[in-house]
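Chains, contacts and geometry: an overview
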Amino acid sequence: MNCLATVLNQVEETGYAHHIQRLMVLSNFALIVGVNPQKLQDWFHAAFIDAYDWVMQTNVLGMGQFADGGILASKPYASSANYINKMSDYCQQCSYNHKARTGKDACPFNYFYWDFLARHQEKLQHTGRMGLILANLKRIELTEMLAMQTLAENWRQAHLNS
């Protein structure tokens with residue numbers, strides 16, 4: 001994924017990424033994949049030159065991971081590739097199709113996003129700003145939803161449980 005590769009390379013080289021890159025790409029991906037919020041915060045502390053506790057706790061845990069249960073942010077900062085495509089030029093040079101939700105060239109942001117919403121639907125339905133977004137889950141055919149959930153779970157099994 002061009003967006004992750006670009007931002008991670010930048011962080012490795014400089015120890016820095018813009019707040020939007022941290023939120024839109026890194027935190028978003030970790031949130032929808034299901035990375036442990038504390039482990040993500042630990043990585044931010046190790047990787048960034050400006051990683052102060054007061055910043056990491058609010059930005060990574062509260063805003064980026066919604067790990068404070070909505071105290072800081074009124075809804076999770078979660079998005080599909082569509083948002084990344086609209087807000088950046090990362091998708092233009094990516095080998096993944098930012099419009100595809102399933103298949104070999106589907107952008108992982110897409111299937112992780114819908115999997116995230118399905119996994120947390122019960123909890124998120126009580127978050128006022130999520131009603132319209134969660135209603136879109138009902139529009140996805142069961143076979144496509146199962147395919148996205150399978151792609152997401154296979155990735156997690158391969159990358160997070162090792």
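We now turn to the structure provided with this report. Computed from a prediction, not measured in an experiment: that's the story for all the values here.

Rules used in this analysis
Residues numbered from 1 in each chain as written. Predicted model: local features only at pLDDT ≥ 70, side-chain atom pairs only at ≥ 80, totals over all residues. Heavy atoms only, no water. 1 Å grid on protein atoms, 1.4 Å probe; cavity = no way out; pocket = protein on both sides within 12 Å on 5 of 7 lines; lining within 4 Å. Points joined across faces, edges and corners; volume = space filled by probe spheres on them. Helix = DSSP H or I, 4+ residues; strand = E, 2+ residues; numbered from the N terminus. Nonpolar A, V, L, I, M, F, W, Y, C, P; charged D, E, K, R; others polar. Expected span 1.5 Å × (residues − 1). Buried < 20%, exposed > 50% of the residue type's maximum accessible area, 1.4 Å probe, protein only. Arc of directions from axis to C-beta. Contact = heavy atoms within 4.5 Å. Polar contact = N/O pair within 3.5 Å; in protein donor to acceptor, adjacent residues only side chain to side chain. Axes fitted to C-alpha atoms, helices over the stretch in contact; angles between N-to-C directions. Parallel < 35°, antiparallel > 145°, perpendicular 65-115°, else oblique. Left-handed = near helix turned anticlockwise from the far one by under 90°.

Right, let's get into empty space enclosed by the protein. This structure, assessed with the given rule, holds 1 cavity of 30 Å³ or more. Each pocket or cavity is described by its volume, and for the largest cavity that value is around 60 Å³. Around the largest cavity, the lining residues are Met 1, Asn 2, Cys 3, Ala 81, Ile 84, Tyr 90, Cys 91, Cys 94, Cys 107 and Phe 109. When contributions to the lining of the largest cavity are tallied by element, the ones reaching two or more residues are helix 1 (2-14) and helix 5 (81-87). Looking at the lining of the largest cavity residue by residue, the class counts come to 9 nonpolar, 1 polar and no charged.

Once that is clear, we can look at helix 9 (residues 142-159). Given a rise of 1.5 Å per residue, 18 residues ought to cover 26 Å, and the 26 Å separating the end C-alpha atoms of helix 9 matches this to within 8%. Among all positions in helix 9, only Met 145, Met 148, Ala 152 and Arg 156 are buried. Around the axis of helix 9, the buried residues are gathered within 70° of arc, so they sit on the same side. Looking at the buried positions of helix 9, the neighbouring elements they touch are helix 2 (19-33) and helix 6 (108-119).

Here Arg 22 shows up in helix 2. In this structure the side chain of Arg 22 is engaged in a polar contact, spanning 2.7 Å, whose partner is the backbone oxygen of Ala 17. Residue contacts for Arg 22: discarding those within four places in its chain leaves Tyr 16, Ala 17, Ser 27, Phe 44, Phe 48, Asp 50 and Met 56.

Next up on the list: the packing of helix 2 against helix 3 (residues 37-47). Between helix 2 and helix 3, the shortest axis-to-axis distance is 10 Å and the interhelical angle comes to 140°. Overall, the two elements helix 2 and helix 3 adopt an arrangement that is oblique. Classified by chirality, the crossing of helix 3 by helix 2 is right-handed. The segment helix 2 lies against helix 3, with Arg 22, Leu 26, Ser 27 and Ala 30 engaging Leu 40, Trp 43 and Phe 44. Partitioning the contact of helix 2 with helix 3 into residue classes produces 5 nonpolar, 1 polar and 1 charged.

Roughly 290 Å³ of volume is contained in the largest pocket. Around the largest pocket, the lining comprises 15 residues; the ones closest to its centre are Lys 75, Pro 76, Tyr 77, Ala 78 and Ser 79. Taken together, the residues of the lining of the largest pocket sort by class into 9 nonpolar, 4 polar and 2 charged.

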